[in-house]
Amino acid sequence: MKALVYLGPASMEYREVPDLDEKDGEVIVEVASCGICGSDMHGWHGTDPRRVPPLVMGHEAAGWIRTGKRAGERVVINPQLACMRCDRCLAGQPHLCGSKDSVGLPPRSGAFADFVRVPERNAIPIPDDMDFATAALTEPVAVAYRAVGLIERLHSRPIAAQRGLVIGGGAIGLAAALILRARNVPDVLLAGTNARRREAALAAGLTQVFDPRGKLPADGSVDFVIDSVGSRPSRELASRAVRFGGVIAHLGLAPGNEGLDVRRITLGEIIFTGVFCYTWLDFKETIALLDRGGLGPLTWVRERPMREGRDAFAAIGEGTTPAVKIVLCNE
Ligand SMILES: [Zn+2]
Ligand SMILES: [Zn+2]
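Not measured: the values here are computed from a predicted model. (Residues numbered from 1 in each chain as written. Chains lettered and ligands numbered in written order. Predicted model: local features only at pLDDT ≥ 70, side-chain atom pairs only at ≥ 80, totals over all residues. Heavy atoms only, no water.)

Participant: Help me out: how do you make sense of the coordination of the zinc ion (ligand 1) in this one?
Facilitator: By definition of the ideal shapes, four donors in a tetrahedron about a metal sit 109.5 degrees apart, and six donors in an octahedron sit 90 or 180 degrees apart. Within the protein, the atoms that donate to the zinc ion (ligand 1) are Cys37 (SG), His59 (NE2) and Glu60 (OE), at distances of 2.1 to 2.5 Å. The sequence pattern describing where the donors of the zinc ion (ligand 1) fall on their chain is C-x21-H-E. Relative accessible area serves as the criterion here: at 8%, His59 is assigned to the buried category. (Donors = N, O, S within 2.8 Å, 3.2 Å for Na, K, Ca; no water. Buried < 20%, exposed > 50% of the residue type's maximum accessible area, 1.4 Å probe, protein only.)

Next up, the structure:
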């Protein structure tokens, strides 16, 4: 089969690789679409120690099951392979499992390929009329969906009466802002340093989009913050902008820990929570959200052929694409 093989920083080749063997309890999925994730970009830049070349990356995938009893089913892949036996898994939090593998991280080959093999339960049916490029958005959108869900749970007041700040104009930040809009949050602010992505956010219908290197919201002026960047400047902004008694949901994984104003968090009883991936229910509800068009027109998504994957990675790496999310598609 053909696959897009990551060979080292800024190096990738679309080439022939050995076919996958069948394995008990697992299914082989013919990949139709697979999105390029920010974490794949960390691999491309050589800043992710987990992504060791040569490696087929890719975990935001949808396609057809081609083996076993469910052959022919259209599915999206939940790339988190948890043990389903430990206390966290039994508590319905498999995303916090301590012995978890992931599709597209060694030793698991990913979905930038003709086929990918996953445990059968990780191949989740999608509606008949849902196109594969949309289905491939499930994984990143589920992260944003969980962040919004945690904010709703942790806040003392309904978010539909509130002012929220999302930091980061990438796919997860943009999806979070669009989910907030869909939940009737009256004021949704989106901060992003990338001008093309700010344009894409405006085109997607958001109105309060700004460059955080310019004029900032007043201190204590937002009820909650979703920080999808996780850098020193983003944590500084989150710490300052949130009001006393507010909530910060932190899901960015940029290197470093600085920037959080722990004193202000203490004095203001500000709730700070990490957000990591999603539960199975978040994932399922995200499929339904995408199926009913809950994010509005997906003008910020671009499809490109899998064989041009190297160019797509380079374009994202160099910041020359207007797309917020590129989905690679097999023809
Ligand atoms: Zn991802
Ligand atoms: Zn577990």
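Participant: Help me understand the packing of helix α4 (residues 138-154) against helix α5 (residues 171-182) in this model?
Facilitator: Each packed pair of helices is defined by two parameters, the angle between the axes and the distance between the axes. Interhelical geometry of α4 versus α5 gives an angle of 50° and a closest axis separation of 8 Å. Classified by the interaxial angle, the pair formed by α4 and α5 is oblique. Relative to α5, α4 is oriented so that their crossing is right-handed. Only Ile172, Ala175, Ala176, Ile179 and Leu180 of α5 make contact with α4, whose side of the interface consists of Pro140, Val141, Val143, Ala144, Tyr145 and Val148. Looking at the contact of α4 with α5 residue by residue, the class counts come to 11 nonpolar, no polar and no charged. (Axes fitted to C-alpha atoms, helices over the stretch in contact; angles between N-to-C directions. Helix = DSSP H or I, 4+ residues; strand = E, 2+ residues; numbered from the N terminus. Parallel < 35°, antiparallel > 145°, perpendicular 65-115°, else oblique. Left-handed = near helix turned anticlockwise from the far one by under 90°. Contact = heavy atoms within 4.5 Å. Nonpolar A, V, L, I, M, F, W, Y, C, P; charged D, E, K, R; others polar.)

Participant: Quick question: what am I supposed to make of α4 here?
Facilitator: Here α4 contains 17 residues, and its C-alpha end-to-end distance of 24 Å stays within 8% of the 24 Å for a straight helix at 1.5 Å per residue. Extensive coverage of α4 is indicated by the burial of 13 of its 17 residues. (Expected span 1.5 Å × (residues − 1).)

Participant: Help me out: how do you make sense of the packing of aromatic side chains in this one?
Facilitator: For any pair of aromatic rings, the description consists of the separation of the ring centres together with the inter-plane angle of the planes. Inspection of the entire model under this criterion finds four aromatic pairs. With a centroid separation of 5.7 Å and 40° between ring planes, the pair formed by Trp44 and Phe313 is classed as tilted. Separated by 269 residues along the polypeptide, Trp44 in helix α1 (residues 38-44) and Phe313 in helix α10 (residues 309-318) bring together distant segments of the chain. Here Trp44 matches Phe313 in class, with each residue buried. Ring centres 5.7 Å apart and planes at 85° place the aromatic pair Phe112 and Phe313 in the edge-to-face group. Of this pair, Phe112 sits in the loop between β7 (101-102) and β8 (115-119) while Phe313 sits in helix α10, and the two are 201 residues apart along the sequence. Given a relative accessible area of 0%, Phe313 falls into the buried group. Put simply, the rings of Trp44, Phe112 and Phe313 pair up and form one aromatic cluster. (Phe/Tyr/Trp six-rings, centres within 6.5 Å; stacked < 30°, edge-to-face > 60°.)

Participant: Any chance you could explain the state of the cysteines here in plain terms?
Facilitator: Disulfide: a covalent bond connecting the sulfur atoms of a pair of cysteines. Applying the stated criterion to the full structure yields zero disulfides. Cysteine Cys34 remains unbridged, with the sulfur of Cys37 as its closest cysteine sulfur at 9.5 Å. (Disulfide = S-S within 2.5 Å.)

Participant: Would you explain the pattern of salt bridges in this entry?
Facilitator: Side chains that differ in sign of charge can pair as their charged atoms come close. One pass over the full model with this rule turns up 23 salt bridges. Between Lys325 and Glu60 there is a salt bridge whose closest N-O contact spans 2.8 Å. Remark: Glu60 occurs in strand β4 (residues 60-65) and Lys325 occurs in strand β17 (residues 325-329); sequence separation between them is 265 residues. Here Lys325 matches Glu60 in class, with each residue buried. Here Arg243 ties to Asp223 by a salt bridge, and the two come within 2.6 Å at their closest N and O atoms. With Arg243 in strand β14 (residues 242-250) and Asp223 in strand β13 (residues 222-227), this residue pair connects regions lying 20 residues apart in the sequence. Here the salt bridges share partners, and the residues they tie into one network are Asp40, Asp48, Arg50 and Arg51. (Salt bridge = Lys/Arg side-chain N within 4 Å of Asp/Glu carboxyl O.)

Participant: Hey, could you run me through the coordination of the zinc ion (ligand 2) in this one?
Facilitator: Each protein donor to the zinc ion (ligand 2) is listed here as Cys83 (SG), Cys86 (SG), Cys89 (SG) and Cys97 (SG); together their distances run 2.3 to 2.4 Å. Its four donor atoms give the zinc ion (ligand 2) angles of 106 to 115° at the centre, a pattern that matches the tetrahedral case. Classification of Cys89 by relative accessible area gives buried; the value is 9%. (Tetrahedral: all angles 85-135°; square planar, octahedral: opposite > 155°, others 65-115°.)

Participant: Which parts of the structure should I look at to understand the sheet that holds strand β11 (residues 187-191)?
Facilitator: Working definition: the strands of a sheet are paired by backbone hydrogen bonds and lie parallel or antiparallel to each other. The strand order β12-β11-β10-β13-β14-β15 describes an open sheet built from six strands, whose pairing is parallel. In this open sheet, the two edge strands, each paired with only one partner strand, are β12 (208-210) and β15 (271-274). Neighbour-to-neighbour, the strand axes of this sheet turn through a mean angle of 15°, independent of strand direction. Bridge count for β11 against β12 is three bridges, and the pairing is parallel. Bridged to Leu189 within β12 is Gln208. Sheet strands in contact with α5 are β10 (163-167), β11 and β13, and its direction is about 170° off that of β11. This element, helix α7 (residues 232-241), spans β10, β11, β13 and β14 of the sheet and lies at about 150° to β14. (Pairing = 2+ DSSP bridges.)

Participant: I tried to follow the environment of Thr279 on my own but got confused; where do I start?
Facilitator: Its location among the elements puts Thr279 in the loop between β15 and α9 (280-291). With 36 residues separating them along the chain, Thr279 and Arg243 place their C-alpha atoms 29 Å apart. With residues up to four places along the chain from it excluded, the contact list for Thr279 reads Gly92, His95 and Arg146.

Participant: What is the right way to look at unusual backbone geometry in this model?
Facilitator: Negative phi characterises most residues that are not glycine, and trans characterises most peptide bonds. Geometrically, the link from Pro53 to Pro54 is a cis peptide bond, its omega value of -5° lying close to zero. Relative to the helices and strands, Pro54 is located in the loop between α1 and β4. In the segment running from Pro106 into Pro107, the intervening peptide bond is cis, with an omega of 5°. Along the polypeptide, Pro107 turns up in the loop between β7 and β8. Positive phi values are uncommon outside glycine, yet Asn184 reaches one of about 65°. Positive phi, close to 55°, is recorded for Cys277, a residue that is not glycine. Inspection of the secondary structure puts Cys277 in the loop between β15 and α9. Overall, the relative accessible area of 14% leaves Cys277 in the buried class.

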